[in-house]
Amino acid sequence: NIICYFLKFLEYFEIFGIIVYEKRVARKMSRKDFAVATGYSETQIGRLERGKIKNPAYKMIAEIEDTFHINMNQEIENFQRNKKNNKMEILEINKK
């Protein structure tokens, strides 16, 4: 299955971006609102969500965790455990 093959090789920063996107959308936040909440630009948030920031700074991760009240390591572990359930969101995000 091509989709499962794709999911198997997602990098950490891509998973991170997908999680940020999902959390932001679930809270009905625009990129602009999220940018204001975290102190980063809309462009930076967009790049992060698309997996273009390969090594996000600890400060950026901490700001995102504080904004969403989450533990990113736990979110990544949960995502990896449930990745088959997330394949539609992955494909949708990567189309953008």
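Please refer to the structure placed before this passage.
Reading the values: the criteria
- Residues numbered from 1 in each chain as written.
- Predicted model: local features only at pLDDT ≥ 70, side-chain atom pairs only at ≥ 80, totals over all residues.
- Heavy atoms only, no water.
- Helix = DSSP H or I, 4+ residues; strand = E, 2+ residues; numbered from the N terminus.
- Contact = heavy atoms within 4.5 Å.
- Buried < 20%, exposed > 50% of the residue type's maximum accessible area, 1.4 Å probe, protein only.

Student: Could you give me a rundown of the environment of I61, with the residues and numbers involved?
Tutor: Residue placement: I61 occurs in helix α5 (residues 58–68). Placed 23 residues apart in sequence, I61 and T38 show a C-alpha to C-alpha distance of 9.7 Å. If we skip the residues at most four places from it in the chain, I61 touches Y12, F16, P56 and M72.

Student: Can you break down unusual backbone geometry residue by residue, with the values?
Tutor: At K28, a residue that is not glycine, the phi angle is positive and equals roughly 55°. In this structure, K28 sits in the loop between α2 (12–26) and α3 (31–38). Residue class for K28 comes out exposed when judged on its relative accessible area of 75%. Located in the positive-phi region is H69, a residue other than glycine, with phi close to 55°. Structurally, the position occupied by H69 is in the loop between α5 and α6 (72–81).

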